[in-house]
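Residue-level listing of the chains:
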Amino acid sequence: MTRKIGVGAIALAAFALAARPAFSQAKGGGAPGGGAPGGGGVGAGSVGTAPGTVPGRTPTITTTPTNPQQQNQNLSMPQPIFVNGQVMMEDGSPLPEGVVIQTACNGLTHSEGYTDGKGFFALELGANRGVIPDASEFDPGATMPPGMIAAGGASDLGMGSMGIGMGGTGVGAGRTGMGIDSAQRYIGCELQAKLAGYRSQTVPLTGRQPMDDPNVGTILLHRLDPKEEAQTVSLVSLAAPKDAKKSYEKGMEALKKRKFADAQKNFEKAVEVYPDFAVVWFELGKLRLASNQMDIARASFQKAIQADPKFVPPYISISLLDVQAKRWQDVADITGKAVKLDPFDYPQAYLFNSVANFNLRNLPEAEKSGLEAERLDTRKKLPTVQQVLGLISAERKDWDGAAKHFKDFLKMSPTGAEADTVRTQLAQVEKIQQQLAAARDK
């Protein structure tokens, strides 16, 4: 069963995720599958009359009014968006009752509701029902400080969007009801938990529709270590002078309007003023990567690392380039540095490290990293994790383990680019299982 893992499906999935760090799991992230007691991913522990509902916590949904005038009025109002799920501690310790559930939009946070004694929550976004605003929530009309920069977390391979205050946008703008399409209200927003001393995985809300499955799965809380604070936030970038920050903000505004040439011009001006502006070098790298300038993109990411060695996203971006080039030792080295800096926010870094070590025939390290990626991939966005773990199990002649991982892959990605390959691998394993069973029966 020895087989090198190709980069086709990995690179495609990675690039899609990389447009922001494997689902948004930045400072503030997504949840490990079965890693913590009572886990098991989406819907763990929830029962009810509808998929993903929590007993006794399903919001009441009223029927469409029969009054024509009232019905016409409702057409101009956004439909309510409901979400439910569970918050758990990464280490499995008990969760205090009443953990706050927040939306975070463009640097602005807004308290939406609370968890119950078992960490479950079910709420309507924007309903503001009995939630005491947190002191850290900014006035939606106030302008955020320009230095409040935070990389998107493991939401997608480190190519994450940067959270920056946009002044009067985000939560405040998204909560006016009349005439705003429901799917547009939460563009750039994420759902997270808030508990002092911990950071949370996040769930992207962009594009969420009123009729979508409300179950967002499990959100993990990770105990903060003071030494980890510089991992997803570039502290060096916070020290940029006013003129450099102004150019950076203009560049980000140009990006929002898809004026890429203007964005690049402003970013280049920002690093000319402040050469250690790590976040801007990272944004330049993303622009150049999008235009297929791979070498120039790599150089920009490397400058970001040189400016701030503790800023993690550019490590993930370089690892993606190395995966595409099949530079497995380089992938192993740079992802090893990334997970050492930040062991929580980037499950895709563990995946890349696992694939690299598998192709280097270092199975113990491949399995170790694969299991970490599986644990942190609570929203099941990284099916390749199951493929590599299945191949490792097959190498060890653990046919039952291999079959389980291949089946898990096909549940997560039944029509993906590697689905046919995995079906073939599963068929080979099942044939061996049948032969061994027949031999035992003789």
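Definitions and cut-offs
- Within each chain, residues carry numbers counting from 1 in the order of the written sequence.
- Thresholds applied to this predicted model are a pLDDT of at least 70 for local features of residues and 80 or more for the giving and counting of side-chain atom pairs; totals over whole chains, interfaces and linings are not thresholded and use all residues.
- Computation of side-chain values: all heavy atoms of the structure, hydrogens and water removed.
- Any two cysteine sulfur atoms within 2.5 Å of one another count as a disulfide.
- Starting at the N terminus, helices and strands are each numbered in turn, a helix being any DSSP run of H or I of at least four residues and a strand any DSSP run of E of at least two.
- Accessibility here uses a 1.4 Å probe with only protein chains present; expressed as a share of the type maximum, an area under 20% marks a residue as buried, one over 50% as exposed, and anything in between as partly exposed.
- Residues adjacent in sequence count toward polar contacts only when both atoms are side-chain atoms; beyond that, a polar contact is any pair of N or O atoms within 3.5 Å, and within protein one must be able to donate a hydrogen and the other to accept it.
- Multiplying one less than the number of residues by 1.5 Å gives the expected span of a helix.
- A pair of strands counts as paired when DSSP detects no fewer than two bridges linking them.
- For salt bridges, the criterion is a side-chain nitrogen of Lys or Arg within 4 Å of an Asp or Glu carboxyl oxygen.
- Only C-alpha atoms enter the line fits that serve as axes; for helices the fit covers just the stretch in contact. Angles between N-to-C directions range over 0 to 180 degrees.
- By the convention used here, residues are in contact when the closest approach between their heavy atoms is within 4.5 Å.
- For the purposes of this section, nonpolar cores are sets of buried Ala, Val, Leu, Ile, Met, Phe, Trp, Tyr and Cys residues that join through side-chain atoms within 4.5 Å.
- Put simply, a patch holds well-exposed residues, over 30% relative accessible area, that have no salt bridge, with like charges counted together within 9 Å and Val, Leu, Ile, Met, Phe, Trp or Tyr side chains within 5 Å.
- Note that accessible areas follow from Shrake-Rupley with a 1.4 Å probe, and for residues the cover is restricted to the protein chains shown.
- His is not counted, nor are the chain ends, whereas Lys and Arg count as positive and Asp and Glu as negative.
- Where a charge lies is defined by one atom per residue type: Lys uses NZ, Arg uses CZ, Asp uses CG and Glu uses CD.
- A pair of Phe, Tyr and Trp rings is counted when the ring centres sit within 6.5 Å of each other, with Trp represented by its six-membered ring. The angle between the planes then sorts it: under 30 degrees is stacked, over 60 is edge-to-face, the rest tilted.

1. Thoughts on the state of the cysteines
A covalent bond between the sulfur atoms of two cysteines is referred to as a disulfide.
For step 1, the next point in the chain: Per the counting criterion, the structure on display carries one disulfide.
For step 2, the next point in the chain: Across the disulfide, Cys105 is cross-linked to Cys189 (sulfur-sulfur distance 2.0 Å). Judged by the torsion about the S-S bond (120°), the Cys105/Cys189 disulfide is right-handed. Residue Cys105 is located in strand 2 (residues 100-105), and its partner Cys189 is located in strand 7 (residues 189-194); the two are separated by 84 residues in the primary sequence.
For step 3, the next point in the chain: Taking the relative accessible area as the measure of exposure, Cys189 reaches 1% and is therefore buried.

2. Focus on the environment of Asp212
For step 1, the next point in the chain: Tracing the backbone through its elements, the reader meets Asp212 in the loop between strand 9 (202-204) and strand 10 (215-223).
For step 2, the next point in the chain: Judged by its relative accessible area of 32%, Asp212 is partly exposed.
For step 3, the next point in the chain: Placed 129 residues apart in sequence, Asp212 and Val83 show a C-alpha to C-alpha distance of 9.1 Å.
For step 4, the next point in the chain: Within the structure, Asp212 has its side chain in polar contact with the backbone nitrogen of Gln209 (distance 2.7 Å).

3. With respect to helix 11 (residues 347-359)
For step 1, the next point in the chain: In a regular helix each residue adds 1.5 Å, so 13 residues correspond to 18 Å; helix 11 covers 19 Å between its end C-alpha atoms and thus fits that length.
For step 2, the next point in the chain: With 13 of 13 residues buried, helix 11 lies mostly within the body of the structure.

4. Examining the pairing of strand 1 (residues 82-89)
For step 1, the next point in the chain: Taking burial as the measure, the eight residues of strand 1 include eight buried ones, the bulk of the element.
For step 2, the next point in the chain: Side chains of strand 1 alternate between two faces, with Phe82, Asn84, Gln86 and Met88 and Val83, Gly85, Val87 and Met89 buried alike.
For step 3, the next point in the chain: Two strands pair when backbone bridges link them, and strand 1 and strand 4 (residues 120-124) are joined in this way by five bridges, in the antiparallel orientation. What sits directly across from Asn84, in strand 4, is Ala122.
For step 4, the next point in the chain: As judged from the five bridges shared by strand 1 and strand 10, these two strands associate in the parallel manner. Bridging across to strand 10, Met88 finds its partner in Leu220.

5. Examining the pattern of salt bridges
For step 1, the next point in the chain: What the rule picks out here adds up to twelve salt bridges.
For step 2, the next point in the chain: The salt bridge involving Arg288 is made with Glu268; its shortest N-O contact spans 3.1 Å. With Arg288 in helix 7 (residues 278-290) and Glu268 in helix 6 (residues 260-273), the pair connects residues that are 20 residues apart, well separated along the chain.
For step 3, the next point in the chain: Judged by its relative accessible area of 12%, Arg288 falls in the buried class.
For step 4, the next point in the chain: The exposure class assigned to Glu268 is partly exposed, which follows from its relative accessible area of 33%.
For step 5, the next point in the chain: A salt bridge links Asp408 to Lys404; the shortest N-O distance between them is 2.9 Å. With Asp408 and Lys404 both in helix 14 (residues 399-412) and four residues apart, this pair spans about one turn of that helix.
For step 6, the next point in the chain: Residue Asp408 is classed as buried on the basis of its relative accessible area of 17%.
For step 7, the next point in the chain: By sharing partners, the salt bridges in this structure join Arg298, Asp322, Arg327 and Asp330 into a single network.

6. Some details on the sheet that holds strand 9
For step 1, the next point in the chain: The strand order across the open sheet built from four strands is 3-2-7-9, with neighbouring strands paired in antiparallel fashion. The open sheet is flanked by strand 3 (108-114) and strand 9, the only strands paired with a single partner. On average, adjacent strands in this sheet sit at an angle of 25° to one another, irrespective of strand direction.
For step 2, the next point in the chain: Bridge count between strand 2 and strand 3: six bridges; the pairing is antiparallel. Its bridge partner lying in strand 3, Ala104 is registered against Thr109.

7. Overview of the sheet that holds strand 1
For step 1, the next point in the chain: The strand order across the open sheet formed by four strands is 4-1-10-8, and the pairing between neighbours is mixed. Both edges of this open sheet fall to strand 4 and strand 8 (198-200), since each of them pairs with a single strand only. Going across the sheet, the axis of each strand differs from the next one's by a mean of 30°, ignoring polarity.
For step 2, the next point in the chain: The pairing of strand 8 with strand 10 spans three bridges and is antiparallel. For Arg199, the partnering residue across the bridge sits in strand 10 and is His222.

8. Quick word on the environment of Val100
For step 1, the next point in the chain: The residue Val100 is located in strand 2 in this model.
For step 2, the next point in the chain: For Val100, a relative accessible area of 15% translates into the label buried.
For step 3, the next point in the chain: Between the C-alpha atoms of Val100 and Lys194, which are 94 residues apart in sequence, the distance is 5.2 Å.
For step 4, the next point in the chain: Excluding residues within four positions of it along the chain, Val100 makes contact with Ser111, Gly113, Tyr114, Gln192, Ala193 and Lys194.

9. Focus: the nonpolar core
For step 1, the next point in the chain: In terms of nonpolar packing, the biggest core is built from 54 residues, with Tyr248, Phe267, Phe277, Val280 and Leu351 touching the most fellow members.
For step 2, the next point in the chain: Here this core gets eight residues from one element, more than from any other, and that element is helix 7.
For step 3, the next point in the chain: What Phe267 contacts, discounting residues up to four positions off in sequence, is Tyr248, Gly251, Met252, Leu255, Val280, Glu283, Leu284 and Leu287.
For step 4, the next point in the chain: Counting 21 residues, the second largest nonpolar core, distinct from the first, contains Val87, Ile101, Leu123 and Tyr198.

10. Focus on a positive patch on the surface
For step 1, the next point in the chain: Taken together, the side chains of Lys242, Lys246, Lys250, Lys265 and Lys269 define a basic patch exposed on the protein surface.
For step 2, the next point in the chain: Broken down by secondary-structure element, the contributors of at least two residues to the positive patch are helix 5 (242-256) and helix 6.
For step 3, the next point in the chain: Broken down by element, the residue count for the positive patch peaks at three residues, all from helix 5.

11. A few points about the packing of aromatic side chains
For step 1, the next point in the chain: Applying the stated criterion to the full structure yields five aromatic pairs.
For step 2, the next point in the chain: With centroids separated by 6.2 Å and ring planes inclined at 35°, the aromatic side chains of Tyr248 and Phe267 adopt a geometry described as tilted. Taken as a pair, Tyr248 in helix 5 and Phe267 in helix 6 lie far apart in primary sequence, 19 residues in all. Accessibility classification places Tyr248 together with Phe267 in one group, the buried group.
For step 3, the next point in the chain: Where Tyr274 meets Phe277, the ring centres are 5.8 Å apart and the plane angle is 70°; that geometry is what we call edge-to-face. As far as the burial class goes, Tyr274 and Phe277 line up, both buried.

Everything listed here is a matter of geometry and, on its own, says nothing about what the molecule does.
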